[in-house]
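Breakdown of the fold
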Amino acid sequence: QVQLVESGGGLVQAGGSLRLSCAASGRTFSVYAMGWFRQAPGKEREFVAAIRWRGGNTLYADTVKGRFTISRDNAKNTVYLQMNSLKPEDTAAYYCAADPSRLRISDREYDYWGQGTQVTVSS
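Within the protein, the secondary structure is distributed over zero helices and eleven strands. Along the protein, helices and strands appear, N-terminal first, in the series β-β-β-β-β-β-β-β-β-β-β. Its C-alpha atoms give the protein a radius of gyration of 13 Å, near enough to 14 Å, the size a compact globule of 123 residues would have. Oriented by its inertia axes, the alpha-carbon framework of the protein measures out at about 40 × 30 × 25 Å. Of all 123 residues assigned to the protein, the portion counted as buried reaches 42%. Accessible surface, the protein: about 6300 Å² in total, of which carbon and sulfur atoms supply 45%.

In structure tokens form, the structure reads like this:
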């Protein structure tokens, strides 16, 4: 089992920045990649970004490319999502997830999920 705990969400004005953190514990050696997803009220969960745990390869959704940066600190078992130039449409609950076998965008393949952290961007 892998446990994930997100933090860093909050309320920010449009154009502002936030950094989300996701601390992993448990069988972290089994993790191949970590991803960030988000879900706004009334909408389906969508992929935001992902990073290979070892090697650092990354994937981004087109909607966040150039504004968000995913990174990891293996020594701290933590993944970060730096979010800049935030827009009201970025408002959502943000979740981190762990995939044991591949770097990919489909949420169906991620086995472990955090409880989520709310990000609200005011206009």
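This paragraph deals with the environment of Arg67. Along the chain, Arg67 turns up in the loop between β6 (58–60) and β7 (68–73). According to the relative accessible area criterion, Arg67 is buried, its value standing at 11%. Distance in space between the C-alpha atoms of Arg67 and Ala33 is 21 Å, their sequence separation being 34 residues. Excluding residues that lie within four positions of it along the chain, Arg67 makes contacts with Gln82, Met83, Asn84, Ser85, Leu86, Lys87 and Asp90. Only 2.7 Å separates the side chain of Arg67 from the side chain of Asp90, close enough to count as a polar contact.

Each value, and the rule that gives it
Residues numbered from 1 in each chain as written. Predicted model: local features only at pLDDT ≥ 70, side-chain atom pairs only at ≥ 80, totals over all residues. Heavy atoms only, no water. Helix = DSSP H or I, 4+ residues; strand = E, 2+ residues; numbered from the N terminus. Rg over C-alpha atoms; globule rule 2.2 N^0.38 Å. Buried < 20%, exposed > 50% of the residue type's maximum accessible area, 1.4 Å probe, protein only. Areas by Shrake-Rupley, 256 points an atom, 1.4 Å probe, with all protein chains shown as cover. Contact = heavy atoms within 4.5 Å. Polar contact = N/O pair within 3.5 Å; in protein donor to acceptor, adjacent residues only side chain to side chain.

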